[in-house]
Structure formats: structure tokens, C-alpha cells
Amino acid sequence: MSNKLVFVVDDSNTIRASLKYTLEKQGYEVVAANDGQDGLDKLEDLKSKGKRPAMIIADINMPRLDGIGFIKEVKKNPDFKFIPILVLTTESQENMKMEGKKAGAAGWLVKPFQPDQLIGVVKKFVK
């Protein structure tokens, strides 16, 4: 049985709802967090329940802990460091993309996204 759990970290209720709708329609299980710190807490909660996301989708601009800080913390944790992380953000500057890649992001998608585009990227990471 394949792991189709996608973990979404975004401070926008609208984006979280849109991602959840789009991904669940394709058969993915979605767990969401509303910022980087909430994301770290919920990852530990998933781990305590024996679950591990197949992929993480994270925003960059979030309160408490931003996306770059979140990615760095995830990549430090041996339980989560191999989970691919897609950045989904309004940021399109090359220096931000390089910072995300350096932190450990596997991909970068600029908002607004098209559902087919998002599903295509998710399918590359979640087999």
C-alpha cells in the first residue's frame, strides 16, 4: 500500500482549503498546519501515530516560523529529512528559490497555481 499522505503548511485558510480539496479529489490524504511551528508540532504528532507524510508542501511567508526555517528544521530531523518538500509561494525571485533549495526544498511552485500543475508536481514526488 502506498503512502499518499501530503502535509500542507500555509498560513492562508483559503490556500489550505484549496490544496486540501485539490489533493483529496485525487485520492491523497491531507494534513494541514497553519505556520512553520505548527507544522513541526503536527509532524511530531503524526510520527507519534506511526504516520509519515510522503511529501510536504510549504509556504515561505508565514508567522512564527517561516518556510525557510521550517524546511531547515525538517531537514535536521532524521525522521523527516528525506521527505521531499515543495515550496508553494508568491515569491518568484531567483535568490529566494536558491535559499529554498539550499535549505533543502526539492521544488518550487509560484502561486496562484493551476490544479493540474500542482497534481503533476505531486505525482512526481508521491508514487
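What counts, and where the lines are drawn
- Residues numbered from 1 in each chain as written.
- Predicted model: local features only at pLDDT ≥ 70, side-chain atom pairs only at ≥ 80, totals over all residues.
- Heavy atoms only, no water.
- Pairing = 2+ DSSP bridges.
- Helix = DSSP H or I, 4+ residues; strand = E, 2+ residues; numbered from the N terminus.
- Right-handed = clockwise from strand over helix to strand, strands pointing away.
- Expected span 1.5 Å × (residues − 1).
- Contact = heavy atoms within 4.5 Å.
- Polar contact = N/O pair within 3.5 Å; in protein donor to acceptor, adjacent residues only side chain to side chain.
- Core = buried A, V, L, I, M, F, W, Y, C linked by side-chain atoms within 4.5 Å.
- Buried < 20%, exposed > 50% of the residue type's maximum accessible area, 1.4 Å probe, protein only.
- Axes fitted to C-alpha atoms, helices over the stretch in contact; angles between N-to-C directions.

Chemist: Mind showing me how you'd approach the pairing of strand β2 (residues 29-33) here?
Modeler: The two faces of a sheet get side chains in turn, since along a regular strand they alternate between them. Pairing of strand β1 (residues 5-9) with β2 involves 5 bridges; the strand directions are parallel. In the sheet register, V8 faces β2, and the bridge partner there is A32. Where the polypeptide runs from β1 across helix α1 (residues 13-25) and back to β2, its parallel neighbour, the crossover connection is right-handed.

Chemist: I'm lost on unusual backbone geometry in this one. Help?
Modeler: Only a minority of non-glycine residues have a phi that is not negative, and only a minority of peptide bonds are not trans. Here the amide bond leading from K111 into P112 is cis, since omega sits at -5 degrees, within 30 degrees of zero. Structurally, the position occupied by P112 is in the loop between β5 (107-110) and α5 (115-125). Non-glycine residue R64 carries a positive phi angle of around 65 degrees. By secondary structure assignment, the location of R64 is in the loop between β3 (55-58) and α3 (67-76).

Chemist: Explain helix α2 (residues 36-48) here, please?
Modeler: An α-helical segment advances 3.6 residues per turn. Residues three or four places apart therefore align on the same side. The terminal C-alpha atoms of α2, which comprises 13 residues, lie 19 Å apart, in line with the 18 Å expected from a rise of 1.5 Å per residue. Where α2 is buried, its residues contact β1, β2, β3 and α3. Near the N-terminus of α2, the side chain that reaches the backbone nitrogen of Q37, with its oxygen 3.0 Å away, is that of D35. Just past α2, the residue G50 takes up positive phi, approximately 80 degrees.

Chemist: Before we go on, may I ask you to explain the nonpolar core in this structure?
Modeler: One recurring pattern in soluble globular proteins is that nonpolar side chains are buried together. By size, the foremost hydrophobic cluster in this structure holds 25 residues, and its most contacted members are F7, V9, L43, I56, F70, I71 and V74. Of all elements in the fold, only β1, β2, α2, β3, α3, β4 (85-89) and α4 (94-103) reach the threshold of two or more residues within this core. The dominant element in this core, judged by the number of residues it contributes, is α3, at 4 residues. Residues within four places of F7 in sequence aside, it is in contact with V31, A33, G39, K42, L43, L46, P53, M55, I56, I57 and F70.

Chemist: For this particular structure, what's the right way to read the sheet that holds β2?
Modeler: Hydrogen bonding along the main chain pairs the strands of a sheet, whether they run parallel or antiparallel. Strand order in the open sheet made by the 5 strands is β2-β1-β3-β4-β5, with parallel pairing throughout. Two strands in the sheet have a free side with no partner beyond their single neighbour: β2 and β5. Here the average twist between neighbouring strands, direction ignored, is 20 degrees. Across 3 bridges, the pairing between β3 and β4 is parallel. For I56, the partnering residue across the bridge sits in β4 and is I85. Lying over the sheet, α2 contacts β1, β2 and β3, oriented at roughly 155 degrees with respect to β1.

Chemist: Looking at this structure, how should I read the pairing of β1?
Modeler: Most of β1 sits inside the fold, with 5 of its 5 residues counted as buried. The side-chain alternation of β1 yields two buried faces, one formed by L5, F7 and V9 and the other by V6 and V8. Sheet topology places β1 next to β3; 4 bridges connect them, and they run parallel. What sits directly across from F7, in β3, is I56.

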